[in-house]
Amino acid sequence: MNILILGGGGREHALAWAIKQNPKCDRLIVAPGNAGIAMLAECAEIDILDAAAVVAFAEENAVDCVVVGPEAPLAAGVADALRDAGILTFGPSAAAARLEASKSFAKEICDACGAPTAGYARFSDARLAAEHVRRQGAPIVIKADGLAAGKGVVVAMSEAEALGAIADMLGGGFGEAGREIVIEEFMKGEEASLFVLCDGTDILPIGTAQDHKRMGEGDRGPNTGGMGAYSPAPVLTDAVLAQAMDEIVRPTVAEMARRGTPFQGVLYAGLMIERGRARLVEYNVRFGDPECQVLMMRLGAQAFDLIHACAEGRLGGMQVNWARDHALTVVMAATGYPGAYAKGSQIRGLEEIREDSTRMVFHAGTARRDGTIIAAGGRVLNVTARAASLADAQRLAYATVDRIDWPGGFCRRDIGWRAL
Ligand code: AMP
Ligand code: GLY
């Protein structure tokens, strides 16, 4: 098969790595890709938000299956356009992608199907929103309704912080994404992520993970896109998993189908677990980044059999072949991230690292300049390891980190601490 992956981060490098190992894969193209992806696949410069351009490229290259990595093309209807053109596609329609693209839509679906989640109210008027915050008090959570590249959520520990976030979001600071806000009850507990393939009818859980969103050790400091992750997530015990599937995922998928907008792709349920019960924090309609890196490390080549079956609507007959293993990924970021950071610093030592099914350095934001790898983003490398225990995976990941010579970068040294 000729397979096209859309995206160019660590998530897509991990997808490409797993898919490339599957015997069904003849030709693999990633658009736009990055310097790490270019070592195992062809990279193509196309605008992945331009549905017509993606369809034309897929037709010209006789692509048999498209795997959409990030949320933006999904929200822009790229999967719809591909399916309309008769091209097999993994990823939800724009209508189903609203589960991520609109926080108030996700809440409305939870209401309709009875999925447990934080209590909420929606506002487009700043004065009414501020009154609501004064009535409810802090801590309280303020969210821009639309996609805001991970920056649209403020967990406000004080009323003043909440009022500031309201002024920011409804004051136009978030553009279209902030025309409406959702104000939520603050949920206590431990967070974990559940990844479920859905083909519109059948569903199949393919793994759990926990990430570390804060920049600093001990999960302190500013929020980031994720500084590391591991899989499985011990807090998602069999019992909690069953409850989350029964009360949250299955009713959501059924409600989406009932509305005539079935969900096809990977549903990523962000969960808050307190006293052995999960409530939904949010939905994403794609793999997490860096969670995908640990999931792909554990699934390996079978990932494409599952993705393929999902896209073809035959998940019902599929199962995951689980190994009793653990995977962990450490994000190496450019100094300054998540604030302003410099691009272009050289990264050395990558060629000497022997990569195999237990150790991979996925590239999140790199480029090649005069034969050397340089940093080209905030999150730059995802040093990923797999082993029989989480402690061994952590040791192998950090031993690999220590072989990378990159003075312009940093990482947290405690990824996995909650589970260890
Ligand atoms: P994201 O939307 O991925 O940027 O992440 C938002 C983060 O904010 C989540 O991962 C949670 O840690 C936190 N969060 C969102 N909603 C709530 C809530 N209702 N209660 C507590 N924490 C929340
Ligand atoms: N790691 C969180 C996300 O992908 O949204």
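Up top is the structure.
Residues numbered from 1 in each chain as written. Chains lettered and ligands numbered in written order. Predicted model: local features only at pLDDT ≥ 70, side-chain atom pairs only at ≥ 80, totals over all residues. Heavy atoms only, no water.

Trainee: Would you mind going over the site of ligand 1 with me for this structure?
Mentor: The environment of ligand 1 is made up of 16 residues, and the closest members are Glu 184, Glu 185, Met 187, Glu 191 and Glu 282. In the model, a nitrogen atom of ligand 1 is placed 3.0 Å from a nitrogen or oxygen of the Lys 143 side chain. Contact distances for ligand 1 include 2.8 Å between a nitrogen atom and a backbone N or O atom of Met 187. Relative to its free-state accessible area of 490 Å², ligand 1 is covered by the protein chains to the extent of 87%. Broken down by secondary-structure element, the contributors of at least two residues to the shell around ligand 1 are β7 (140-144), β8 (153-156), β9 (181-185) and β16 (277-284). (Near = heavy atom within 4 Å. Polar contact = N/O pair within 3.5 Å; in protein donor to acceptor, adjacent residues only side chain to side chain. Areas by Shrake-Rupley, 256 points an atom, 1.4 Å probe, with all protein chains shown as cover. Helix = DSSP H or I, 4+ residues; strand = E, 2+ residues; numbered from the N terminus.)

Trainee: In this structure, what is going on with the packing of helix α5 (residues 94-101) against helix α6 (residues 103-113)? I would like to understand it.
Mentor: Where α5 contacts α6, the axes come no closer than 6 Å and their chain directions differ by 100 degrees. With respect to α6, the element α5 is oriented roughly perpendicular. On α6, the residues touching Ala 95, Arg 98, Leu 99 and Ala 101 of α5 are Lys 103, Phe 105, Ala 106 and Ile 109. Of the residues belonging to the contact of α5 with α6, the class tally is 6 nonpolar, no polar and 2 charged. (Axes fitted to C-alpha atoms, helices over the stretch in contact; angles between N-to-C directions. Parallel < 35°, antiparallel > 145°, perpendicular 65-115°, else oblique. Contact = heavy atoms within 4.5 Å. Nonpolar A, V, L, I, M, F, W, Y, C, P; charged D, E, K, R; others polar.)

Trainee: Sorry if this is basic, but what is going on with the sheet that holds strand β1 (residues 2-7) here?
Mentor: Where strands meet in a sheet, backbone hydrogen bonds hold them as pairs that are either parallel or antiparallel. Spatial strand order, β3-β2-β1-β4-β5: 5 strands in an open sheet with parallel pairing. With one partner strand each, in any of the chains shown, β3 (42-43) and β5 (88-90) form the two edges of the open sheet. Pairing geometry for strand β2 (residues 27-32) and β3, over 2 bridges, is parallel. Across the sheet, Val 30 pairs through a bridge with Cys 43, a residue of β3. Each of β1, β2 and β4 (65-68) touches helix α1 (residues 10-20); the most contacted strand, β1, lies at about 165 degrees to it. (Pairing = 2+ DSSP bridges.)

Trainee: Which parts of the structure should I look at to understand the sheet that holds strand β21 (residues 372-375)?
Mentor: If you walk across this open sheet you meet the 3 strands as β18-β21-β20, and the pairing is antiparallel. The sheet is open, and its two borders are formed by β18 (346-347) and β20 (366-369), each paired with just one other strand. Of the pairings in the sheet, the one linking β18 to β21 comprises 2 bridges and is antiparallel in character. From the neighbouring strand, Ile 347 faces β21, where its bridge partner is Ile 373.

Trainee: Looking at this structure, I do not really get the site of ligand 2. What am I missing?
Mentor: In the neighbourhood of ligand 2, the contacting residues comprise Asp 211, Gly 225, Tyr 268, Arg 286, Gly 288, Asp 289, Pro 290 and Glu 291. Arg 286 places a polar side-chain atom, nitrogen or oxygen, 2.9 Å from an oxygen atom of ligand 2. Computed on the free molecule, ligand 2 has an accessible area of 200 Å², of which 87% lies beneath the protein chains in the complex.

Trainee: Please explain the nonpolar core as it appears in this structure.
Mentor: Nonpolar side chains tend toward joint burial in soluble globular proteins. Among the nonpolar cores identified, the biggest contains 52 residues, and Leu 6, Leu 99, Leu 194, Val 249 and Leu 271 are the most heavily contacted of them. A per-element tally of this core places helix α9 (residues 238-258) first, with 7 residues. With sequence-adjacent residues up to four places away left out, Leu 99 is seen in contact with Phe 105, Ala 106, Ile 109, Thr 252, Met 256, Phe 263, Leu 267, Tyr 283 and Val 285. With 44 residues, the next largest nonpolar core counts Ala 14, Leu 15, Leu 28 and Ala 311 among its residues. (Core = buried A, V, L, I, M, F, W, Y, C linked by side-chain atoms within 4.5 Å. Buried < 20%, exposed > 50% of the residue type's maximum accessible area, 1.4 Å probe, protein only.)

So far we have only geometry, and geometry alone does not tell us how the molecule works.
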